[in-house]
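# Descriptive structure summary
Read off the chains here:
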Amino acid sequence: MPGNRTWSTRDIGDLTGTTAVVTGANNGLGFATTRELLLHGAHVVLACRDLDKGRAAVDQLRPEVLASVGELRTEVVQLDLSILSTVHSFAQAFMASHHRLDLLVNNAGVMMTPYGLTADGHERQFGTNHLGHFALTGLLLGSLAAAPGSRVISLSSLAHRGGTMDFENPLFLEGGYTPVAAYNRSKLANLLFTYELDQRLRAAGQETFAVAAHPGVVGTDLFGHVFDRPSLRPARALFNAVMPRPAQGARPTLRAASDPGVHGGEYFGPGGPGEWRGAPRPAKRAAAAQDPESARRLWELSEALTQVSYLDAPSRE
C-alpha cells in the first residue's frame, strides 16, 4: 500500500505465479499494462487480433524483461472480440492449457469508428468493446474461480458520462448512430457490466471480484479515426506531442489489478484535474453507470446477444 503518497507502479508487488490475460496487449494501453505485469513477474497471455503484432510486441519487451526478472513468461493467442466464435476458441484454448486465471484485463476496444457491424450482426463499437468482453469473461469464469481473489478489470472512459442506454434501440439498428454516441454507450456499458458482475459474484459467494478503470486522456492509436478528416490531420502530431503516453494511462488499470486494498466494484482513474492525468485514484462515475435496473437489463440483453450464460460457465474444480 502506498500510504499517504500517491500510487505508482513501484507499489506493484511480486506477481510471480500469477497468470494474466490482457486483451489488445500488443499496443497502446494494453502494451503498457503487459509490460508492467511482466516486469513484476506475471505470466501474461497477450490476446491479440493480429498474431504478428502480438509477437512483435513480445520481441520488443524481451530485452527489458529478461534484464529485470530473468525470464519472459508470455504467450500470444489470437482473439478478435468482434467475432464471438474466436472468443469461444480463445477461452477453450486457454482452459485447455491453464488451470487458473488470476487477472483478466478487458482492455481492447475500438473508438469512434464509422457505422459497421460485427461478424455477429452487432453494432461494431458496442459489440467489440462490451459484448466481446462480456462473452470472454463469462467463458473464463471457471478459470477465474479457480484462483482465490482473482480480478476482472474492465476499461471504461471519461466518455461514459455522455453515454445513454437505449434498450429499445441498443445497437442503433433503427438509426440514430453517431460515432461518438456509440462509443459513449459502449463505455457506459463497461461500467454497468462491472457493477452487475461484481454484484452477482458477491451474491454467488465467489472470491473473484470486478473492478473498472479509465486512462484519462491518452495519446493512443484509438484516436486514428478522429484525425481521418484531411482538415484534422495536421493536428495529429501536436496531439501526440502533448498528450500523456500510454504508460501513464495504464496506471489506473495496474492499480485496479494489483493494489491489495482494492475492493470489488471500485473504479479508478487519474487523480488530476478533470481526471485527465495524474496518479490513479478512485474515479467519479455518472449516475447512469450506477443504475441497478439498467445494469440488470444490460446483463440480460448481453446474454441474449452473445448466447453466453454465466450460469453455464464451466467449473475448474
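Residues numbered from 1 in each chain as written. Predicted model: local features only at pLDDT ≥ 70, side-chain atom pairs only at ≥ 80, totals over all residues. Heavy atoms only, no water.

- An unreviewed UniProt entry annotates the protein chain as Probable oxidoreductase/Short-chain dehydrogenase of Arthrobacter rhombi.

### Some points on unusual backbone geometry
- Phi at methionine 112 takes a positive value of approximately 55°, unusual for a residue other than glycine.
- If you trace the backbone, methionine 112 turns up in the loop between β4 (103-106) and α4 (124-139).
- Even without being glycine, glutamate 275 reaches a positive phi, approximately 60°.
- Mapped onto the elements, glutamate 275 comes out in the loop between β7 (267-270) and β8 (280-282). (Helix = DSSP H or I, 4+ residues; strand = E, 2+ residues; numbered from the N terminus.)

### Notes on a nonpolar patch on the surface
- Taken together, the side chains of Tyr115, Leu117 and Leu173 define a hydrophobic patch exposed on the protein surface, amounting to about 300 Å² of accessible area.
- Within the secondary structure layout, leucine 173 lies in the loop between β5 (151-155) and α6 (179-203). (Patch = residues over 30% accessible without salt bridge, like charges linked within 9 Å, V, L, I, M, F, W, Y side chains within 5 Å. Areas by Shrake-Rupley, 256 points an atom, 1.4 Å probe, with all protein chains shown as cover. Salt bridge = Lys/Arg side-chain N within 4 Å of Asp/Glu carboxyl O.)

### Some words on the environment of asparagine 184
- Secondary-structure assignment places asparagine 184 in helix α6.
- Judged by relative accessible area, asparagine 184 falls into the buried class, the value being 10%.
- Considered as a pair, asparagine 184 and arginine 161 are 23 residues apart in the sequence and their alpha carbons are 7.4 Å apart.
- Not counting the four nearest positions on each side in its chain, asparagine 184 is found in contact with Ala159, His160, Gly162 and Gly163. (Buried < 20%, exposed > 50% of the residue type's maximum accessible area, 1.4 Å probe, protein only. Contact = heavy atoms within 4.5 Å.)

### A closer look at α6
- Taking 1.5 Å as the rise per residue, α6 with 25 residues should run 36 Å; its terminal C-alpha atoms sit 36 Å apart, in good agreement.
- The positive-phi residue at the C-terminal boundary of α6 is glycine 205, with phi of around 75°. (Expected span 1.5 Å × (residues − 1).)

### What to know about the environment of alanine 108
- Relative to the assigned elements, alanine 108 resides in the loop between β4 and α4.
- Its relative accessible area of 17% is what places alanine 108 among the buried residues.
- Alanine 108 sits 79 residues away from leucine 29 along the chain, and the two C-alpha atoms are 8.6 Å apart.
- When residues no more than four places from it in sequence are discounted, the contact partners of alanine 108 are Thr23, Gly24, Leu81, Asn129 and His133.

### Side note on the nonpolar core
- With 34 residues, the main nonpolar core has Leu37, Val44 and Leu46 as its most contacted residues.
- Every element with two or more residues in this core is listed here: β1 (19-23), α1 (28-39), β2 (43-48), α2 (51-69), β4, β5, β6 (209-213) and α9 (251-258).
- A per-element tally of this core places α1 first, with six residues.
- The next biggest cluster of nonpolar side chains, apart from the first, holds 29 residues, and it includes Ala91, Ala108, Leu141 and Leu144. (Core = buried A, V, L, I, M, F, W, Y, C linked by side-chain atoms within 4.5 Å.)

### Things to note about the pattern of salt bridges
- The full count for this structure, using the stated rule, is 12 salt bridges.
- Its salt-bridge partner being aspartate 102, residue arginine 100 comes within 2.5 Å of it at the nearest N-O pair.
- Given the relative accessible area of 9%, aspartate 102 is considered buried.
- The partner of arginine 296 in a salt bridge is glutamate 293, and the shortest N-O contact between them spans 2.4 Å. With a gap of three residues between them, arginine 296 and glutamate 293 both fall in helix α10 (residues 292-306), about one helical turn apart.

### A look at the sheet that holds β2
- Overall, mixed pairing links the eight strands, which are arranged β3-β2-β1-β4-β5-β6-β7-β8 in an open sheet. At either margin of the open sheet sits one strand with a lone partner, and together these are β3 (74-78) and β8. Taken over all neighbouring pairs, the strand axes of this sheet differ in orientation by 20° on average, direction set aside.
- With three bridges joining them, β1 and β4 adopt parallel strand pairing. Among the inter-strand pairings, valine 21 is bridged to a residue of β4, identified as leucine 104.
- Strands β2 and β3 of the sheet are contacted by α2, whose axis makes an angle of about 165° with β3. (Pairing = 2+ DSSP bridges. Axes fitted to C-alpha atoms, helices over the stretch in contact; angles between N-to-C directions.)

### Brief notes about the pairing of β2
- Burial of β2 is extensive: five of the six residues sit out of reach of the surface.
- Alignment of β1 against β2, held across five bridges, turns out to be parallel. Directly across from threonine 19, in β2, lies its bridge partner histidine 43.
- Remark: the β1/α1/β2 crossover connection has right-handed handedness. (Right-handed = clockwise from strand over helix to strand, strands pointing away.)

### Considering the packing of aromatic side chains
- In the structure shown here, the tally under the stated rule is seven aromatic pairs.
- Relative to tyrosine 310, the ring of phenylalanine 134 lies with its centre 4.9 Å away and its plane at 45°, an arrangement referred to as tilted. On the criterion of sequence distance, the pair formed by phenylalanine 134 in helix α4 and tyrosine 310 in the segment after α10 is long-range, its members being 176 residues apart.
- Joined through ring pairs, the aromatic side chains of Phe134, Phe193, Trp299 and Tyr310 make up one cluster. (Phe/Tyr/Trp six-rings, centres within 6.5 Å; stacked < 30°, edge-to-face > 60°.)

### Some thoughts on the side chain of asparagine 106
- Tracing the backbone shows asparagine 106 in strand β4.
- By relative accessible area, which is 2% here, asparagine 106 ends up buried.
- Not counting the four nearest positions on each side in its chain, asparagine 106 is found in contact with Thr23, His133, Leu136, Thr137, Val152, Ile153, Ser154, Leu155 and Phe193.

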